[in-house]
Amino acid sequence: MAPEPGLRHTVMPGAEFEDLIGEDGNPIDPDKMFVAAGPDHLTYVRTAQRITRRHYYLGATHPSDQLEYSAGRRVDKTTAAALTEELKALRAARPTSGQE
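Let us look at the structure shown here. Given the structure is predicted, the values throughout are model-derived calculations rather than measurements. Each chain carries its own residue numbering, running from 1 in the written order of its sequence. Local features in this predicted model are restricted to residues of pLDDT 70 or higher, and side-chain atom pairs are both shown and tallied only at a pLDDT of 80 or more, whereas totals for entire chains, interfaces and linings draw on every residue. The side-chain numbers reported here are obtained from all heavy atoms of the structure, hydrogens and water having been left aside.

**Structural notes on the side chain of Thr52**
Then step 1. Counting from the N terminus, the helices are DSSP H or I runs at least four residues long and the strands are E runs at least two residues long. In this structure, Thr52 sits in strand β4 (residues 51-56).
Then step 2. Contact between two residues is taken to exist if any of their heavy atoms lie within 4.5 Å; hydrogens are not considered. Those residues within four positions of Thr52 in sequence are excluded, and the remaining contacts are Asp19, Leu20, Ile21, Asp65, Gln66, Leu67 and Glu68.

Put into structure tokens, the structure is as follows:
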């Protein structure tokens, strides 16, 4: 099975990934995106809440949202770990306000 495309992958050329947001509309905590499915399920986890991808289309001034995962969706543990680490890396690389 081929790996899923990374977070920065968008369906439209020139679109720019902004963040993953939770059900409350705020950036989701990467460490709280997934929950263990139980001891009987060693290969997958479930999403803790609806996860939405926020991005900007080329030239847009307002973000667009796209459902990434519905609440409770089963996700392979390897994919979930990679998504969590990628989100952490993207946020760490983002310039903080007040710096240039």
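**Structural notes on the sheet that holds strand β6 (residues 74-76)**
Then step 1. Pairs of strands are assigned from DSSP output, requiring at least two bridges between the strands. The strand order across the open sheet built from three strands is β2-β3-β6, with neighbouring strands paired in antiparallel fashion. With partners counted over all chains shown, the strands left at the sheet margins are β2 (34-36) and β6, one partner each. Strand-to-strand twist across the sheet, computed as the mean angle between neighbouring axes with direction ignored, equals 45°.
Then step 2. Two elements, β2 and strand β3 (residues 44-47), share three bridges in a ladder whose sense is antiparallel. Bridge assignment links Phe34 to a residue of β3, and that residue is Thr47.
Then step 3. Lines fitted to the C-alpha atoms define the axes, with helices restricted to the stretch that makes contact. Angles between their N-to-C directions range from 0 to 180 degrees. Here helix α1 (residues 77-93) sits on the sheet and contacts β2, β3 and β6; the angle it forms with β6, its principal contact strand, is near 85°.

**Structural notes on the sheet that holds strand β5 (residues 64-69)**
Then step 1. Pairing in this open sheet of three strands is antiparallel, and the strands run β1-β4-β5 from one edge to the other. Both edges of this open sheet fall to β1 (16-21) and β5, since each of them pairs with a single strand only. Averaged over all neighbouring strand pairs, the angle between strand axes comes to 30°, with direction disregarded.
Then step 2. Both β4 and β5 contribute to a ladder of five bridges, which runs antiparallel. Across the sheet, residue His55 finds its bridge partner in β5, namely Ser64.
Then step 3. Along the sheet face, α1 touches β1 and β5 and points at about 115° away from the line of β1.

**Remarks on the pattern of salt bridges**
Two side chains of opposite charge can pair, provided their charged atoms sit close to one another.
Then step 1. Salt bridges, as used here, are contacts in which a Lys or Arg side-chain nitrogen is within 4 Å of a carboxyl oxygen on Asp or Glu. Per the counting criterion, the structure on display carries six salt bridges.
Then step 2. Among the salt bridges present, the one from Arg54 reaches Asp65, with a minimum N-O distance of 2.8 Å. With Arg54 in strand β4 and Asp65 in strand β5, this residue pair connects regions lying eleven residues apart in the sequence.
Then step 3. Relative accessible area serves as the criterion here: at 22%, Arg54 is assigned to the partly exposed category.
Then step 4. One salt-bridge network, held together by shared partners, links Asp19, Arg91 and Arg94. Burial classes follow relative accessibility: with a 1.4 Å probe on protein chains only, a residue under 20% of its type's maximum area counts as buried, one over 50% as exposed, and anything between as partly exposed.

**Quick notes on the packing of aromatic side chains**
Then step 1. Aromatic pairing here means that ring centres of Phe, Tyr or Trp (its six-membered ring) are within 6.5 Å. Orientation follows from the plane angle: under 30 degrees is stacked, over 60 is edge-to-face, and everything else is tilted. Within the structure shown, the criterion is met by one aromatic pair.
Then step 2. A ring pair is formed by Phe34 and Tyr69, whose centres lie 6.4 Å apart and whose planes are at 70°; its orientation type is edge-to-face. Residue Phe34 is located in strand β2, and its partner Tyr69 is located in strand β5; the two are separated by 35 residues in the primary sequence.
Then step 3. On the basis of relative accessible area, Phe34 is assigned to the buried category, the value being 14%.

**Brief notes about the nonpolar core**
Then step 1. Definition used in this section: a nonpolar core is a set of buried Ala, Val, Leu, Ile, Met, Phe, Trp, Tyr and Cys residues joined via side-chain atoms within 4.5 Å. Leu20, Met33 and Phe34 are the most contacted members of the largest nonpolar core, which totals 13 residues.
Then step 2. Residue assignment for this core shows that the elements contributing at least two residues are β1 and α1.
Then step 3. For this core, the leading source of residues is α1, giving four residues.
Then step 4. Look past the residues within four positions of Met33 in its chain and what remains in contact with it is Leu20, Ile28, Arg46, Thr47, Ala48, Gln49, Ile51, Leu83, Thr84 and Leu87.

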